[in-house]
Amino acid sequence: MRTGLMLIATLFASLLALPVGAQPGPGMGGGMGGPGMMQGAGPRAARDCAQTPNPAACQARRDARMQAVEACRDKVGPERRQCMREQGPAYNCAKSPNPQRCAERRQAVQGCKGQAGMAMRRCLQQPRGPGECAGAVDPQRCELHQKARAACQDKVGPEHKACLYEQLKLK
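Only a predicted model underlies this, so the values are computations on that prediction, with no experimental measurement involved.

Engineer: For the overall build of the protein chain, give the residues involved together with the corresponding values.
Structural biologist: Summing up its helical and strand segments, the protein chain has seven helices and zero strands in all. Moving toward the C terminus, one meets the helices and strands of the protein chain in the order α-α-α-α-α-α-α. Looking at the 171 residues of the protein chain, the share that counts as buried comes to 15%. The contacts of the protein chain with a sequence gap of at least 6 include a subset with a gap of at least 24, amounting to 22%.

Engineer: An account of the packing of helix α2 (residues 55–71) against helix α3 (residues 78–87) is requested, with residue identities and associated values reported.
Structural biologist: Two numbers describe a pair of packed helices, the interaxial angle and the distance between the axes. Where α2 contacts α3, the two axes come as close as 9 Å, and the packing angle between them is 140°. In terms of orientation, α2 lies oblique with respect to α3. Between α2 and α3 the crossing geometry is right-handed. Taken together, the residues of α3 that come into contact with α2 (itself represented by Arg65, Ala68, Val69 and Ala71) are Arg80, Cys83, Met84 and Gln87.

Engineer: How would you sum up the pattern of salt bridges? Please name residues and give values.
Structural biologist: Where charged atoms of side chains with opposite charge meet at close range, the side chains can pair. Under the counting rule described, the total for this entry stands at three salt bridges. Across the pair arginine 73 and glutamate 70 runs a salt bridge whose closest N-O atoms are separated by 3.0 Å. In this structure, the salt-bridge partner of lysine 155 is aspartate 154, at a minimum N-O distance of 3.7 Å. Taking relative accessible area as the criterion, aspartate 154 reaches 57% and is therefore assigned exposed.

Engineer: Before we move on, can you summarise the packing of helix α4 (residues 99–111) against helix α5 (residues 117–125) with the specific residues and values?
Structural biologist: At their nearest, the axes of α4 and α5 sit 9 Å apart, and the two run at 130° to each other. Classified by the angle their axes make, α4 and α5 are oblique. Judged by the twist between their axes, the crossing of α4 over α5 is right-handed. Counting all contacts with α4, which are made through Arg105, Ala108, Val109 and Gly111, the residues of α5 involved are Met120, Cys123 and Leu124.

Engineer: Which residues make up the nonpolar core, and what values go with them?
Structural biologist: When a protein is soluble and globular, its nonpolar side chains tend to lie buried together. Formed by Ala68, Val69, Cys72, Cys83 and Met84, the largest nonpolar core amounts to five residues. Contributions of two or more residues to this core are made by α2 and α3. Leave out the neighbours within four places in its chain, and cysteine 72 touches Arg80, Cys83, Met84 and Gln87.

Engineer: Tell me about a positive patch on the surface, and please be specific about residues and values.
Structural biologist: Taken together, the side chains of Arg81, Arg85, Arg101 and Arg105 define a basic patch exposed on the protein surface. At the level of secondary structure, the elements contributing two or more residues to the positive patch comprise α3 and α4. Structurally, the position occupied by arginine 85 is in helix α3.

Engineer: Hey, could you go over the state of the cysteines for me, with residue numbers and the actual values?
Structural biologist: Summed over all chains, the structure comprises five disulfides. Disulfide pairing is shown between cysteine 152 and cysteine 163; the S-S distance is 1.9 Å. Note on the cysteine 152 and cysteine 163 pair: the S-S dihedral is about -80°, so by sign convention the disulfide is left-handed. With cysteine 152 in the loop between α6 (139–151) and α7 (158–168) and cysteine 163 in helix α7, this pair connects stretches of sequence that are 11 residues apart. Overall, cysteine 152 belongs to the buried group, its relative accessible area being 0%. By relative accessible area, cysteine 163 is classed as buried at 12%.

Cut-offs and rules
Residues numbered from 1 in each chain as written. Predicted model: local features only at pLDDT ≥ 70, side-chain atom pairs only at ≥ 80, totals over all residues. Heavy atoms only, no water. Helix = DSSP H or I, 4+ residues; strand = E, 2+ residues; numbered from the N terminus. Buried < 20%, exposed > 50% of the residue type's maximum accessible area, 1.4 Å probe, protein only. Contact = heavy atoms within 4.5 Å. Axes fitted to C-alpha atoms, helices over the stretch in contact; angles between N-to-C directions. Parallel < 35°, antiparallel > 145°, perpendicular 65-115°, else oblique. Left-handed = near helix turned anticlockwise from the far one by under 90°. Salt bridge = Lys/Arg side-chain N within 4 Å of Asp/Glu carboxyl O. Core = buried A, V, L, I, M, F, W, Y, C linked by side-chain atoms within 4.5 Å. Patch = residues over 30% accessible without salt bridge, like charges linked within 9 Å, V, L, I, M, F, W, Y side chains within 5 Å. Areas by Shrake-Rupley, 256 points an atom, 1.4 Å probe, with all protein chains shown as cover. Lys, Arg positive; Asp, Glu negative; His and termini not counted. Charge placed at Lys NZ, Arg CZ, Asp CG, Glu CD. Disulfide = S-S within 2.5 Å.

Right, dumping it as structure tokens:
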């Protein structure tokens with residue numbers, strides 16, 4: 001009796017899960033890259049620049065993006081992201097809420113040029129100089145974070161996060 005009940009419960013559970021597996025496949029209009037999707041563009045690509053507050057700026061951004069996509073067409077993965085970053089328009093730090101921090105970040109990115117993926121992330125996390133924390137809002141906290149990053153630099157993913165939490169005592 002018990003095995004019959006188990007068999008019925010299993011059959012019922014599999015019937016409930018059936019509609020989840022019946023998703024449309026590629027070329028059926030439901031997946032990424034289906035009909036109507038531009039290659040390399042997201043759903044916002046179809047937005048009309050005439051409906052934006054500044055149509056000229058919208059069109060300039062769209063043209064710059066299309067040029068970058070064209071220039072990076074033959075690259076894939078981290079190389080493509082790096083290429084798109086390099087081809088993109090320069091960001092004006094003068095309009096940033098914190099221009100000094102923006103400029104420091106741009107300088108750090110320039111120092112890590114040519115690297116991609118995890119190597120780029122590690123390069124950006126390296127301390128830039130002895131006075132890096134001197135201009136921080138809370139220098140002691142900045143130094144604490146630097147020490148935690150140095151202690152956890154060889155770890156990746158969830159292990160890295162757990163290591164940082166332990167170093168910073170954020171349990």
